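Each chain, written out:
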Amino acid sequence: SLSKPRGGDWRFGDTKTHRVRTVDMAADLVDALVKHREAQELEQIWNAPHFNNQFNLVFTTELGTPIDGHNLSREWRKIVKKTGLPYKSIHNLRHGTASLVQHAGGTLLDASRILGHSGIGITARLYSHLFPENRRTLMDGVAKAVSPDR
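It should be emphasised that the depicted structure is a prediction, and the values quoted were computed from it without experimental measurement.

**Q** Talk me through the overall build of the protein chain; I want residue IDs and the actual numbers.
**A** Check the secondary structure of the protein chain and you find six helices and two strands. Each helix (α) and strand (β) of the protein chain, taken in turn from the N terminus, gives the series β-β-α-α-α-α-α-α. Compactness check: the protein chain gives a C-alpha radius of gyration of 21 Å against a globular reference of 15 Å for 150 residues, more than 25% above the reference. A principal-axis box enclosing the C-alpha atoms of the protein chain has dimensions of 75 × 30 × 30 Å. Here the protein chain holds 150 residues, and 13% of them are scored as buried. Across the protein chain, the fraction of contacts at a sequence separation of at least 24, relative to all contacts at a separation of at least 6, is 27%.

See the structure below:
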């Protein structure tokens, strides 16, 4: 994770779980990130010699430096305001993701892995209400599997 202690310089440190994570992304998102990187390369040319993306970050300021959390929140508020939608913090997008995983037919385990939780228990405590229990439907499927003439 990237952090900047008060009065200090940006630095990378361990994540909360001390693990490296792979993030699954939809093909459209990958395409958008490739286009973003191409635009960033143009910014680097345009703003040289002041451009300094020393950490090779995907999202930076126009000069290639990390985006400060306060500035990110301020810009996010502007973007949300333009849409006319009610304000939700960037962190709240995680809750929306869990809901969309459920809507797309994903399981609680899928949501847990996508959200990067260290265990399914965390996901269950936060989001189990999104994943309705359908034991009756499951047991109908079990009965059908063991009784083919059903």
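**Q** Describe unusual backbone geometry, and please don't skip the residues or the numbers.
**A** Excluding glycine, most residues fall at negative phi; most peptide bonds, likewise, are trans. Each neighbour pair has its own omega, and for Ala 48 with Pro 49 the value is 5°, a cis peptide bond. Relative to the assigned elements, Pro 49 resides in the loop between α1 (27-47) and α2 (69-83). Even without glycine at this site, Asn 56 takes up a positive phi of about 55°. Mapping Asn 56 onto the fold places it in the loop between α1 and α2. Using a relative accessible area of 55% as the deciding quantity, one classes Asn 56 as exposed.

Basis of the calculations
- Residues numbered from 1 in each chain as written.
- Predicted model: local features only at pLDDT ≥ 70, side-chain atom pairs only at ≥ 80, totals over all residues.
- Heavy atoms only, no water.
- Helix = DSSP H or I, 4+ residues; strand = E, 2+ residues; numbered from the N terminus.
- Rg over C-alpha atoms; globule rule 2.2 N^0.38 Å.
- Buried < 20%, exposed > 50% of the residue type's maximum accessible area, 1.4 Å probe, protein only.
- Contact = heavy atoms within 4.5 Å.

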